[in-house]
Amino acid sequence: MPESSTSSRRRTWADVVAIVAGVAAIGLAMWPNLAADEGPTGVALGSGTLASFAAGGLAIAAVFMAQRSPGTARIPLALGGVLLLLSPFVFARSAGVVPTLQMVLGALMLVAAPFIGRLPDEPSELARDDPRPRL
């Protein structure tokens, strides 16, 4: 049964969102100035950083898993989103840039989780179902 272009585009955008959110979460964990949730003694607390790194890794792993089994790929992407959403409440001591970014990235992962799937094999797979006339 041929697949509709809408679901194919939805899957493609969900994969792109998962990739961008995963890479951004890993980048948030690696950026030393933003990712250091400093306590009163000036010592960086590493739990929020570790949560960002783990959630980013789960998101990237979910994109690879979606190429074989989209159903099971939804689980790590949703877990990464939940981890990032809960991380500011568990590890952060005050509101700031890092907890806000973690919550935004976690929400993006959760929104993309139900739609993640296989990327098109060929670039023309999306264009073949496109109803717009070609020039």
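Rules and cut-offs
Residues numbered from 1 in each chain as written. Predicted model: local features only at pLDDT ≥ 70, side-chain atom pairs only at ≥ 80, totals over all residues. Heavy atoms only, no water. Helix = DSSP H or I, 4+ residues; strand = E, 2+ residues; numbered from the N terminus. Buried < 20%, exposed > 50% of the residue type's maximum accessible area, 1.4 Å probe, protein only. Contact = heavy atoms within 4.5 Å. Areas by Shrake-Rupley, 256 points an atom, 1.4 Å probe, with all protein chains shown as cover. Core = buried A, V, L, I, M, F, W, Y, C linked by side-chain atoms within 4.5 Å. Expected span 1.5 Å × (residues − 1). Bend = angle between axes of the 7 residues up to and from the residue. Patch = residues over 30% accessible without salt bridge, like charges linked within 9 Å, V, L, I, M, F, W, Y side chains within 5 Å. Salt bridge = Lys/Arg side-chain N within 4 Å of Asp/Glu carboxyl O.

A.B. asks: Any chance you could explain the overall build of the protein here in plain terms?
C.D. replies: Along the protein, the regular secondary structure elements total six helices and two strands. What you see in the protein, going N to C, is helices and strands ordered as α-α-β-β-α-α-α-α. The buried share among the 135 residues of the protein stands at 31%. The contacts in the protein between residues at least 6 apart in sequence include a share of 72% that link residues at least 24 apart. Working note: accessible area of the protein is about 8200 Å², and carbon and sulfur atoms make up 70% of it.

A.B. asks: Would you mind going over the nonpolar core with me for this structure?
C.D. replies: It is characteristic of soluble globular proteins that their nonpolar side chains tend to be buried jointly. In terms of nonpolar packing, the biggest core is built from 17 residues, with Ala18, Ala25, Leu77, Leu84, Leu105, Met109 and Ile116 touching the most fellow members. Among the elements of the structure, α1 (5-30), α3 (47-66), α4 (70-91) and α5 (97-112) are those that each provide at least two residues to this core. Residues in contact with Ala18, not counting those within four places in the same chain, are Ala59, Val63, Leu77 and Ile116.

A.B. asks: I tried to follow α4 on my own but got confused; where do I start?
C.D. replies: Structural remark: α-helix, 3.6 residues per turn; residues separated by three or four positions point the same way. In this model, α4 (22 residues) spans 31 Å end to end at C-alpha, consistent with the 32 Å of a helix rising 1.5 Å per residue. At Leu85, α4 shows its strongest bend, of approximately 30°, with the proline Pro88 following within four residues. Tucked inside the fold, the buried residues of α4 contact α1, α3 and α5.

A.B. asks: Any chance you could explain the environment of Thr12 here in plain terms?
C.D. replies: One can find Thr12 in helix α1. For the pair formed by Thr12 and Phe115, sequence separation is 103 residues and the distance between their alpha carbons is 8.7 Å.

A.B. asks: Can you walk me through a nonpolar patch on the surface in this structure?
C.D. replies: A cluster of nonpolar side chains, contributed by Val82, Leu86, Phe89, Val90, Phe91, Met103 and Leu110, occupies part of the molecular surface with about 620 Å² of accessible area. Here the element with the most residues in the nonpolar patch is α4; it accounts for five residues. In this fold, Phe89 is placed in helix α4.

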